[in-house]
Amino acid sequence: MKIATWNINGVKARIENLLHWLEEADVDIVCLQEIKSVDEGFPRDRIEALGYHVETHGQKGFNGVAILSKLRFDEVHRRLPGDEEDEQARFVEGVFSTNKGVLRVVSLYLPNGNPVDSPKYPYKLSWMERLHQWTQERLALEEPLVLAGDYNVIPQPQDAKNPQAWVGDALFLPQTREAYRRLVNLGLTDALRATTQEADTYTFWDYQAGAWQKNNGIRIDHLLLSPEAADQLRAVEIAKHTRGWEKPSDHVPVIAELDCMPA
DNA sequence: ATGGTTGTCCCACAA
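Residues numbered from 1 in each chain as written. Chains lettered and ligands numbered in written order. Predicted model: local features only at pLDDT ≥ 70, side-chain atom pairs only at ≥ 80, totals over all residues. Heavy atoms only, no water.

## Here's the deal with the protein's contact with DNA strand B
Now for step 1: What surrounds DNA strand B is a group of 17 residues, the closest being R14, G61, K120, Y207 and Q208.
Now for step 2: Within 4 Å of the protein, the contacting atoms of DNA strand B are drawn from sugar and phosphate to the extent of 69%.
Now for step 3: Taking R14, its side chain carries an N or O atom lying 3.1 Å from a phosphate oxygen of DNA strand B.
Now for step 4: One of the side-chain N or O atoms of K120 is found 3.1 Å from a sugar or linking oxygen in DNA strand B. (Near = heavy atom within 4 Å. Polar contact = N/O pair within 3.5 Å; in protein donor to acceptor, adjacent residues only side chain to side chain.)

## Quick look at the pattern of salt bridges
Now for step 1: Evaluated as defined, the whole model comprises 15 salt bridges.
Now for step 2: R104 is paired through a salt bridge with E93; the nearest N and O atoms lie 2.7 Å apart. Of this pair, R104 sits in strand β7 (residues 101-109) while E93 sits in strand β6 (residues 91-98); the two residues are 11 residues apart in sequence, bridging distant segments of the chain.
Now for step 3: On the accessibility criterion, R104 (10% relative accessible area) is buried.
Now for step 4: Accessibility expressed as a relative area gives 1% for E93, which makes it buried.
Now for step 5: Between R182 and E129 there is a salt bridge, with its nearest N and O atoms 3.0 Å apart. Of this pair, R182 sits in helix α4 (residues 174-184) while E129 sits in helix α3 (residues 120-139), and the two are 53 residues apart along the sequence.
Now for step 6: Through salt bridges with shared partners, a single ionic network connects E93, R104, R138 and E143. (Salt bridge = Lys/Arg side-chain N within 4 Å of Asp/Glu carboxyl O. Helix = DSSP H or I, 4+ residues; strand = E, 2+ residues; numbered from the N terminus. Buried < 20%, exposed > 50% of the residue type's maximum accessible area, 1.4 Å probe, protein only.)

Spelled out as structure tokens, the structure:
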């Protein structure tokens, strides 16, 4: 079973790229972020025609997440608990049945947090605290759980081509990295780092200043696995070639292969 | 140091 995460930066602008990639990649579950669409505007028909079930949590103009799955959804949950006032669409959870039992998958879009002297940074940190709380509760279930998404966190210097350029940025501040480590230290496995120590495993290249041409990338899209999911981890791949396509997203898909099959 | 780009939507804002 292949599970992917991809920040597509606008589903309407990226629909042709998305469909093309779905056809070539043969993934079972796809977590999308920054769909930038309300639920009614999501181009579900063309995706369903490829054999996917579609669940979205959208909002107008910004943010928005979705899960596309060849498996039927047994359950869907929207919104990260912990703040009733939070209107931003950044979290959707699906539950599936596999030949090895239940599988939980989350598509999350963690707040960017810049500029750091604005309310956006405390919002990011409090969102991370809520995610920590939620994850702690879910881990108690001792189920295969995949937390997939755009974390807007550069975990370590080796996750950036030019780490010094990110000092002081909300994606790389010590407090950000500490909150991310605290989450991982609950017992999660970073799927990519569990399978490779290679350099240049970036998932995002800015549109500006020729970042792609210079390979000036960062790794901010992650698949974090519960112990039960990590037991099933076979391989991880970054679909870097999609960044070279016409009208690319600034992020590329990251795909983890687990040792289970649709039930 | 600054500016460089893209998507959404109506004018900047977010990234």
